[in-house]
Amino acid sequence: MADPEPIHTPGLEPSSMQSHSLPASPPQNPTWGTKEAKDAKLPIGQLNDPEVNQLPDKIEESQKEEAIEQNEEPKRKKIVVVGLGMVGIAFIEKLLKYDVKRREYDIVVIGEEPHLAYNRVGLTSFFQHREVENLYLNPKDWYSSMPEGSLSYHLNTLVTEIDSEKKEVKTSSGDTVAYDILVLATGSDALLPKHTPGHDAKGVFVYRTIDDLQKLIGFAATRKGTTGVTVGGGLLGLEAAKAMMDLEDFGKVKLIERNRWVLSRQLDGDAGGMVVEQVRALGLDVMLSKRVGKIEVDEEGFVKGVIFEDGESMECSTICFAIGIRARDELARSAGIKCADRGGGIVVAPDLSTSTKDIYAIGECASWENQTFGLIAPGVEMADVLAFNLTQAKAHTPRKFKRPDLSTKLKLLGVEVASFGDFFADRDGPKELPGRRAAKKDGESGPRDKVRNLTDGPAPPPVKALTYKDPFQQVYKKYLFTMDGKYLLGGMMIGDTKDYVKLVPMVKNQKQLDMPPSELIVGAQKGDDDGDDLDDDVQICSCHNVTKGDVVKGVKDGSCKSIGDVKACTKAGTGCGGCMPLVQTIFNKTMASMGQEVKNHLCPHFEYSRADLFNIIYVKRLTGFADVMKECGKEPESTGCEACKPAIGSIISSLFNKHLLDGERRGLQDTNDRFLANIQRNGTFSVIPRVAGGEITPEKLIIIGTVAKKYNLYTKITGGQRIDMFGAKKQDLLSIWQELVDGGMESGHAYAKSLRTVKSCVGTTWCRFGVGDSVGMAVRLEERYKSIRGPHKFKGGVSGCVRECAEAQNKDFGLIATEKGFNIFVGGNGGAKPRHSELLAKDVPPDDVIPILDRYISFYIRTADKLQRTARWLENLPGGIKYLQEVILEDKLGICADLEKQMQDLVGSFFCEWTEVLNSPERRKLFSQFANTSETIEPPIEPTKERGQERPSYWPTESIKEDFKGHKWSELSWQPLLKAEDFSDLPTGDSKAIKRGDTQLAIFKVRGKYYCTQQMCPHKRAFVLSDGLIGDDIKNNKLWVSCPYHKRNYELSGPEAGRCANDEQVNIATFPVEERDDGMLYVKLPSVEELDSVLGTSKFVIKKSETSDPFESLDKKLKEKQKGRKGFSVSHLKDGLGEKGRAAMILAGGERGAGGLDW
């Protein structure tokens, strides 16, 4: 067969600017899923990244943008790749993927064979279809679809020389190709035993390339009915033997192996022996412990037989050697690049660089720590490391190639075979033990042990083996563990290999087993399944001490037919509301167990779930509550309620991001959002400025400190690495924000159902163990997603290494830096029912983190239920994490581009809510304590001084049970209190707080009518009712206000006005109110003196003396046992000033003289 002429094919320019939809093929590409690179089968056209799916367009687009910015042709470095094999193409694909956003490189690849990159691992299939194109990893038009210059290739071209001084290579065709970076992926050659007489006879073949196979096929057709022989019982030998059998030209096929069993590099004697039995049963004659001494040749130079070293002989016509490979390093050697003397290979450093600058080697030609690797997986890993370092290392710690995972799982001659991890740890000793850098053999610790080794022999390896052998089903399993059984080290499997994918990560991650070792083989012993993990006596609502059994009983006896009934009957969820997701789950499960339909409606006003409403509002572009109610509500004119209003407000914010305090939107907000701060026990608020990623400057610390000092605010570091300032009065919020915003800060949205924080460790910024820049990534993520509202609050975390100091795996989304990028975890949280997050995507390059999180957060916002954290959402998502991966990473629903656009629109609409209030006179009016006077009243809870700061005293355990609703006033008269024009006629209602004498009142306007009540909720003596959400039930003619503290619902109208619908122990006073022709609102009230005697604020101030100190007994015990401890604000130094003295000196200018601090 004549050698084909060299073909020079620089990549062709696409004929149009259309994106190219690339066909499937199986090169080894990195994916964002949990599979390892060696198991991944997606070509670049199927990567889970829309930017890579449209790679040609993206590259050309970025070229144009760059040229416009620089007003000149963009200059890029040229990478020349020598070798277009599986590793070479893997490097090209990975580089294109990593470089798609940066566009720093153009690639030229030179291949020696006349074929494009093909699947060498699948060579055996060539014997069936005989079509080279079927083995191509990427079709020809994939190469030509790249924009001009981005990827060029040369086939049938041998590189003959490297000139590292001039940075160019020379080819067999006489061409010279310049490079900036040279990557050698020259692979290896099949070994041929040239010391064996007859090795060059006609009929001797190797099993390596398509050309080798074509020659073998042609020769076999001339030797029908003869005996064919494969020499070598390794992976490649068994493949070659199967290929010869598939040809059906030979009368008999024999396999010669010099060892006592086949696959001796992957299996022990028992496992290898079982494979021998199985392949013999399939018709392959396996000859063990045999070495070929000589190949007999006839007069014409053709093979006629072999003579073994033991003197026996055998007739045969064809011999295929599959006895190993040798690295192709001759090109590098001739260029003076350092190569390994023993075993060959181009010596590479952990970053895959060679001894010559800007020249790298990857794949089978590379010698790492005096080892070369014949498996594809290590080569793909090398390609990934090098591509990553050339593109992503500017934003991440450069990766290093480490000891590769040599796990393999194959089907050879119909026999399932797998080996994983350190599968010979029991024979050779473990290469590495968890918690140690390397396994030290017992005989290496001292002279006495060395002497003992001479007499007793070396100690056995510190490994225990668990073995299962079933000769009937031809199943063999051997798993190797540490001596204590806590860690799996490796193992091998024959026949049943389905657990392979589960066991490999367990070895690689080196995490302690949470099960006995035997369970990995025989399975867990199942006990009785009681159906639920919570007993009936487990408390699920701590506010009202409601147990799971209380909820279940109410549902089963028929008294609770809806979640609203559950709240009314048991009070569960009427406190802080944090238990509602769990209450909802218990309600749903109990209803289902009774065969009842569970409706996931938002509330009685809507027959839609939150996800349904989101989609309706999104599609119809409904931007106001009234529009939503008319389109979707059961009563088009309804005011809604405390359940649906915040949910709809959140949806509208998630879609359109308008200011919460404008128009009807203010009436949708709970008190926290209504005042852009978190309401506290005494009616004051806490203020938290944004501290992105927990990173803060000394200047901002000084500003926060001076604000806290000026307004007497209690300060505390939050769990999210921010500073919380408590005790801010409503009327002081504007002044506090003014000082913070003036100092370069902004709202931290701690009050919102939105992103709270992205917690971080210091990572590579400071830490010696850091792998990735966790602070930098956390700051970028928090800056991107700040202010974005969702069904519930969500939090993030970024850890710079596996030590996980940022606790990223219990966050709604968390990143942990790896050598390859970041592992992305989702669906974790603390709270009432903590949940560990799940791995969404593995080893994601820094450039690709944002698109994945954009999709994930947008999908959560679209589909979650109201007040549902990501943990419960993911648990209830059909298909769980696997389905989420399909949607987010594989674009199963075809919505990824829309999800990203939705997020980008939100990100682009950001504004600081505090700043917008400060700049608006109308919004500023909302922050006065009372609408009718500038007078103020101090918080109604006496302060308690503790550890140098003031906090409100504890609440009393009992509510005020006085009958305010039924109180008989001596005389009532109409009193003008407020102008009617101060109220807005909003679909969501409007309300104001009023001061009359020492009494606080609340006036509401709903659908043109006015209502007046006391301002105090008797449950916790909280003067907050004017800030509550208004609800109605038009069908039953009911109207109520919901206390913003613990959702006590007080009726505003009708004969039961003042009654609390969900707590019969408390009620409120109500008063008639009317608008008159003079434009004033008149309220029918008793005299000031009588009113104050019943409802005066000072009467209900919570005294410190009313409550006891819960730590009194404990402090007494601790004081006795902790003598000599310093006070909280005292210095350890002998003459130290202490906290207050030192601060006073600094504030007075005593640090550097009268001028103050010298910065």
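You'll find the protein entered in an unreviewed UniProt entry as Nitrite reductase [NAD(P)H], with Bimuria novae-zelandiae CBS 107.79 given as the organism. The UniProt entry for the protein carries the following comment under Sequence similarities (unreviewed entry): "Belongs to the nitrite and sulfite reductase 4Fe-4S domain family." According to the UniProt record, the Pathway (unreviewed entry) comment for the protein reads "Nitrogen metabolism; nitrate reduction (assimilation)."

Section: the nonpolar core
Phe91, Ile92, Leu184 and Ile362 are the most contacted members of the largest nonpolar core, which totals 108 residues. Leaving out residues up to four positions away in the same chain, isoleucine 92 has contacts with Val81, Leu84, Ile107, Val109, Trp142 and Leu151. One finds Ile648, Ile651, Met777 and Leu877 within the second-largest nonpolar core, a separate group that totals 62 residues.

Describing the side chain of serine 837
By the secondary structure assignment, serine 837 is in the loop between β36 (821-826) and β37 (838-844). Within polar-contact distance, the side chain of serine 837 engages the backbone oxygen of glutamine 809 at 2.8 Å. Sequence-distant contacts of serine 837, that is, excluding residues within four places in its chain, are made with Ala808, Gln809, Asn810, Lys811, Phe825, Val826, Gly827 and Gly828.

Points about the side chain of threonine 671
Within the secondary structure, threonine 671 is located in helix α21 (residues 671-675). When neighbours within four sequence positions are excluded, threonine 671 is seen to be in contact with Ala677, Ile679, Phe685, Asp1027 and Pro1044.

Looking at the pairing of strand β4 (residues 151-155)
Most of β4 sits out of view: five of its five residues are buried. What you see with β4 is no split at all: Leu151, Tyr153 and Leu155 on one side and Ser152 and His154 on the other are buried throughout. With four bridges connecting them, strand β3 (residues 105-110) and β4 associate as parallel partners. Of the residues in β4, the one forming a bridge with isoleucine 107 is leucine 151.

Quick look at the sheet that holds strand β51 (residues 1080-1085)
Taken together, three strands build an open sheet; the order of strands is β40-β51-β50 and the sheet is antiparallel. Either end of the sheet is taken by a strand with one partner, and the two such strands are β40 (973-979) and β50 (1073-1075). Sheet twist, expressed as the mean angle between neighbouring strand axes with direction ignored, is 30°. Looking at chain direction, β50 and β51 are connected through three bridges and run antiparallel. Bridge assignment links glutamate 1075 to a residue of β51, and that residue is leucine 1081.

Side note on the sheet that holds strand β33 (residues 755-760)
One open sheet holds the five strands; their spatial order is β33-β34-β35-β36-β37, and the pairing between them is mixed. In the strand order of this sheet, the two ends are held by β33 and β37, each with one partner. This sheet shows a mean twist of 15° between the axes of neighbouring strands, independent of strand direction. Looking at chain direction, strand β34 (residues 794-799) and strand β35 (residues 813-818) are connected through four bridges and run parallel. Paired with glycine 796 across the two strands is phenylalanine 813, which belongs to β35.

A short note on helix α28 (residues 896-908)
Along an α-helix, residues three or four positions apart point the same way, because every turn accommodates 3.6 residues. For α28, built from 13 residues, the straight-helix expectation of 18 Å at 1.5 Å per residue is met to within 8% by its first-to-last C-alpha distance of 18 Å. When α28 is considered as a whole, its buried residues turn out to be Cys896, Leu899, Glu900, Gln902, Met903, Leu906 and Val907. Looking straight down α28, one finds that the buried residues subtend no more than 155° of arc, so they occupy a single side. Turned more than 90 degrees off the buried face of α28, the exposed positions are Ala897 and Gly908.

Conventions and cut-offs
Residues numbered from 1 in each chain as written. Predicted model: local features only at pLDDT ≥ 70, side-chain atom pairs only at ≥ 80, totals over all residues. Heavy atoms only, no water. UniProt positions renumbered as here; feature names shortened; annotations may be inferred. Core = buried A, V, L, I, M, F, W, Y, C linked by side-chain atoms within 4.5 Å. Buried < 20%, exposed > 50% of the residue type's maximum accessible area, 1.4 Å probe, protein only. Contact = heavy atoms within 4.5 Å. Helix = DSSP H or I, 4+ residues; strand = E, 2+ residues; numbered from the N terminus. Polar contact = N/O pair within 3.5 Å; in protein donor to acceptor, adjacent residues only side chain to side chain. Pairing = 2+ DSSP bridges. Axes fitted to C-alpha atoms, helices over the stretch in contact; angles between N-to-C directions. Expected span 1.5 Å × (residues − 1). Arc of directions from axis to C-beta.

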